[in-house]
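# Chain and residue survey
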Amino acid sequence: MFTATVTLPGFRTPSSQVHSPTYTAAPQPGHEYYLPHNARLSPNRSPREFVKQTRNGGVSLRLVDQDNQATVPVYGYGASVEGTLDIHKRDGITSVEVQIEGTLMLEEVAGGGTTNCKLCLNKSILWVKDRIYEAPCPRTLSFSLPLPTTFSDGGKTYSLPPTHESHLSGLPGFRARVDYSISAIVVKPNIIPHAVKSSLLGGGDWAISTPFEYLPRTRPSTPLPPPLVPAQWGIVETPQWKVFPTLIHTNQGGHDIMVKLYLPASRTFCMNQSIPFHVMFSSSAMSLAAFMPLGPVIATSLKKQHTRIQVLRQTTVDVRNTFELGTRTDIWRVDCIGEGAFRHAGDGPHWVAFSGEIYTSPDIKVGGFKAGGFSIKDCVVLTMTPPDSSKSPFKELRLAVPILLATDPYSRDVLDLIAYNGRYGPPSISSSDELGDTPGLGYDS
């Protein structure tokens, strides 16, 4: 049902593919909340441990407060990486340290270069041998390393991005990766001076490392509004829904068609729930009759649809993260991550209305973000593409509306309010400056 577009052959202006279109009319601040990390596990579920050992069994790394089914440790907004180091072979140890590290790696294929940005680096020395008292290393050492909520790059401050990876094949192309890890080093000098470090000789440092995922949870600050209802003259508008008007221009005389797309005013949606919408077409009776073969179809086959509504995700990479001669130097790709289904909602002499839901792909785990030269933006895109533009009575339509995808649904649960204790952070994307102007996005037919 969902397609992932790796290359962009369908766009009409190849020379502009290397440069990112931009977005406007951003969802406003306060429409999305970060949830603190302690809400990741249900209140009735006991925390579990993630355990990893060195090959020789000398050291065990234990990370607490983890889901028992997780293959790697997972942390959320404002979390601390907490756990213990169990030292099973303590002879000859002189020091023990642990650190967490986050890295943003961007690479542009075909001469664009590579850049690495340190997102976080938090190091703690857990124990150092006292040369006077010669006390042995403790069997267990506890640690707690807090994750920051922001990082700085190029003089700007960004929210700490989630673990994510993306690439664009071909030329130009890119590879982008955000990853995090925790590592511990147990220092054991060699017993024999100048000898090669070897476990057989009883010397050599022990190192243990494991990646972890940073997945901040977010949720809309308001519930989805009640659906709109049609009346004699069309859809009755309410403040809980925002209207996005545009025109379908005629090709061969006659009247243009007014199009109104309605989305919930917050435009912040849980990625695991459907996105409701309404759309109304209004014009003269003759123009509407000519348009209906191109309009929404109440059918299961998407290939027969000339009018479609989708969620498109734009992933952008810019190693330089700057402008050159007034032009951005980024590369981007577009994926369809959601498809909508229409149903007839009402009609009159000069209008026809449809409603429906857009269902996003279950593979989507993170919402939009911007981290230096790496960004993800989502938008609802309404399109009408005639099968033959030279013979069609109407020109094509593309209307893009920026949205935010949250990891969790809205909740009025009192237990949630107690557990979260008011610890909400800012939205992932909170200003129109970050989203820019409306893009002319296409899709694969």
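All of the points below concern the structure found in this document.

Ranked by internal contacts, the top residues of the largest apolar core, which has 48 residues, are V81, L85, V96, F143 and I182. If sequence neighbours within four positions are ignored, F143 has contacts with L61, R62, L63, V81, E82, G83, T84, L85, V98, L126 and I182.

Next up on the list: the pattern of salt bridges. This model, assessed by the stated rule, comprises 12 salt bridges. Residues R177 and D179 are paired through a salt bridge, measuring 2.8 Å at the closest nitrogen-oxygen approach.

Right, let's get into the environment of S392. Position of S392 among the secondary structure elements: in the loop between β27 (374–384) and β28 (397–406). With residues up to four places along the chain from it excluded, the contact list for S392 reads N251, Q252, L294 and P386. Within polar-contact distance, the side chain of S392 engages the backbone oxygen of F394 at 2.8 Å.

Here we take up the sheet that holds strand β5 (residues 80–87). Within the open sheet, the four strands sit side by side as β2-β3-β5-β8. Their pairing is antiparallel. Looking at strand neighbours, the two that pair on one side only are β2 (48–53) and β8 (140–146), the edges of this open sheet. The average undirected angle you get between the axes of adjacent strands in this sheet is 25°. Of the strand pairs in this sheet, β2 and strand β3 (residues 59–66) are connected by five bridges, and their pairing is antiparallel. Residue V51 lies in a different strand from β3, and its bridge partner there is R62.

The hairpin formed by β2 and β3 contains five residues between the paired strands, and G57 there has a positive phi angle of roughly 75°. Relative to β5, β3 runs antiparallel, the two being bridged by five bridges. Along β5, the bridge assignment pairs L63 with G83.

What follows deals with unusual backbone geometry. Even without being glycine, D65 reaches a positive phi, approximately 60°. Along the chain, D65 turns up in strand β3. A positive phi is found at R267, a non-glycine position, where the angle reads about 55°. Inspection of the secondary structure puts R267 in the loop between β18 (257–264) and β19 (268–270). Residue classification places R267 among the buried residues on the basis of a relative accessible area of 4%.

Let us look at the side chain of S166. When you line up the elements, S166 lands in strand β11 (residues 164–168). Note on S166: relative accessible area 10%, which makes it buried. When neighbours within four sequence positions are excluded, S166 is seen to be in contact with F174, R175, A176, T315, R333 and F374.

Quick look at the packing of aromatic side chains now. If you walk through the whole model with that rule in mind, you get 10 aromatic pairs. Here the aromatic rings of Y180 and F212 are separated by 5.8 Å at their centres, their planes lie at 25°, and the arrangement is stacked. Pair noted here: Y180 is in strand β12 (residues 173–187) and F212 is in strand β13 (residues 206–214), with a separation of 32 residues, a long-range link. Neither residue differs from the other here; Y180 and F212 are each classed as buried. Here F291 and F394 contribute two aromatic rings whose centre-to-centre distance is 6.0 Å and whose plane-to-plane angle is 90°, an arrangement assigned as edge-to-face. Of the two residues, F291 sits in helix α1 (residues 285–291) while F394 sits in the loop between β27 and β28, which places them 103 residues apart along the sequence.

Calculation notes
- Residues numbered from 1 in each chain as written.
- Predicted model: local features only at pLDDT ≥ 70, side-chain atom pairs only at ≥ 80, totals over all residues.
- Heavy atoms only, no water.
- Core = buried A, V, L, I, M, F, W, Y, C linked by side-chain atoms within 4.5 Å.
- Buried < 20%, exposed > 50% of the residue type's maximum accessible area, 1.4 Å probe, protein only.
- Contact = heavy atoms within 4.5 Å.
- Salt bridge = Lys/Arg side-chain N within 4 Å of Asp/Glu carboxyl O.
- Helix = DSSP H or I, 4+ residues; strand = E, 2+ residues; numbered from the N terminus.
- Polar contact = N/O pair within 3.5 Å; in protein donor to acceptor, adjacent residues only side chain to side chain.
- Pairing = 2+ DSSP bridges.
- Axes fitted to C-alpha atoms, helices over the stretch in contact; angles between N-to-C directions.
- Phe/Tyr/Trp six-rings, centres within 6.5 Å; stacked < 30°, edge-to-face > 60°.

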